[in-house]
Amino acid sequence: MKKILWITTGGTIASVSSESGLVPSQDAADLLQAIGTLISGIKIVTEDLFTLDSSNIQPEEWRMIARRIHAVYQQVDGIVLTHGTDTMAYTASALSYMLLGIPIPVVLTGSQLPLSHPLSDGVDNLRCAFAMAASQVPGVYVAFDRRIILGTRAVKVKTQGFDAFESVNQKLAGRVDSRGLTINTKVTDFPPHPYVFTDRWC
Ligand code: ASP
C-alpha cells in the first residue's frame, strides 16, 4: 500500500466561517474526518505545517515547506500539500525549483469552498491529488477540478469557478475522467535530472 504524506498549510479548504469571514482553522485531523473513507487503498499520514491564508505566504513559508518535504521524501511514496488557491501557483513554481528533480510526486491542491461546506469542491480535488501523489510520476503538480498541471505552468484564472487553474503554454500533465487518472507522459517525462535541494535563493 502506498504511503502518502498530507501536509496542511491552511487556505479556504481548511477554513470555517467566522464574523470576519472565512478563517483557516481546520487541521489535518478535522479535514481527514471530513473526507472520511472516500479515499481508500492508500495509507495517509498527516502533518500540520502552518494555518495561513495563502495571501500571507512568503518565501519564508516556501522554505519551511521545501525543507519539510526534503526531510521526509525518502520515507513516503508521494506528498499532498493543501494550500490556499490565491498563491498556490507561486508556491508550486517555487517548489519546482527548490526541489528540482525530486523523485516522488508532490501535489498541491485546495478548494474554492471550504471542506466543511456541503457543496465543497475540496473532496474531489483531494481525491485527484491523492491519486496523482500515488502515481509514482515524479515532479511538482497542482491538482484542481480533475486537472493535473505542472507546478511551473499553473496559473489561477478564476476567483469563484471550480475550474480555477489553467496550464499556461503547456498541455495538462494529466486529467481524471471516465478512465480514471490519465497521465500525459509527453508532459511528465522530463529528461532525468539528479535531485537537487535548494533553499537559499529566496
Ligand atoms: N484566500 C484564500 C487563500 O488563498 C483563497 C483560497 O484558498 O481559495 O488562502
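Rules used throughout
- Residues numbered from 1 in each chain as written.
- Predicted model: local features only at pLDDT ≥ 70, side-chain atom pairs only at ≥ 80, totals over all residues.
- Heavy atoms only, no water.
- Helix = DSSP H or I, 4+ residues; strand = E, 2+ residues; numbered from the N terminus.
- Rg over C-alpha atoms; globule rule 2.2 N^0.38 Å.
- Buried < 20%, exposed > 50% of the residue type's maximum accessible area, 1.4 Å probe, protein only.
- Near = heavy atom within 4 Å.
- Polar contact = N/O pair within 3.5 Å; in protein donor to acceptor, adjacent residues only side chain to side chain.
- Areas by Shrake-Rupley, 256 points an atom, 1.4 Å probe, with all protein chains shown as cover.
- Core = buried A, V, L, I, M, F, W, Y, C linked by side-chain atoms within 4.5 Å.

Quick look at the overall build of the chain
For step 1, the next point in the chain: For the chain, the count of helices and strands is five helices and 14 strands.
For step 2, the next point in the chain: Taking 202 residues into account, the globule formula puts the C-alpha radius of gyration at 17 Å, and the chain, at 15 Å, falls close to it.
For step 3, the next point in the chain: If one aligns the C-alpha atoms of the chain with their principal axes, the spans along those axes are about 50 × 40 × 35 Å.
For step 4, the next point in the chain: Relative to its full complement of 202 residues, the chain shows a buried share of 48%.

A look at the site of the ligand
For step 1, the next point in the chain: Close to the ligand lie Gly-11, Thr-12, Asp-53, Ser-54, Gly-84, Thr-85, Asp-86, Ser-111 and Gln-112, which account for all nearby residues.
For step 2, the next point in the chain: Within the contact set of the ligand, an oxygen atom lies 2.9 Å away from a backbone nitrogen or oxygen of Thr-12.
For step 3, the next point in the chain: Within the contact set of the ligand, an oxygen atom lies 2.5 Å away from a side-chain nitrogen or oxygen of Ser-54.
For step 4, the next point in the chain: For the ligand, whose free accessible area comes to 270 Å², the fraction covered by protein is 89%.

Some details on the nonpolar core
For step 1, the next point in the chain: Ranked by size, the top nonpolar core spans 33 residues in total, and within it Ile-69, Ile-79, Leu-95, Leu-108, Val-142 and Phe-165 carry the most contacts.
For step 2, the next point in the chain: Within the residue set of this core, elements represented by two or more residues are β1 (2-10), β4 (42-52), α2 (59-72), β5 (78-82), α3 (88-98), β7 (105-109) and β8 (139-144).
For step 3, the next point in the chain: Among the elements that line this core, the one with the most residues is α3, at six residues.
For step 4, the next point in the chain: Grouped together as the second largest cluster of nonpolar side chains are 25 residues, Trp-6, Val-137, Ile-148 and Val-187 included.

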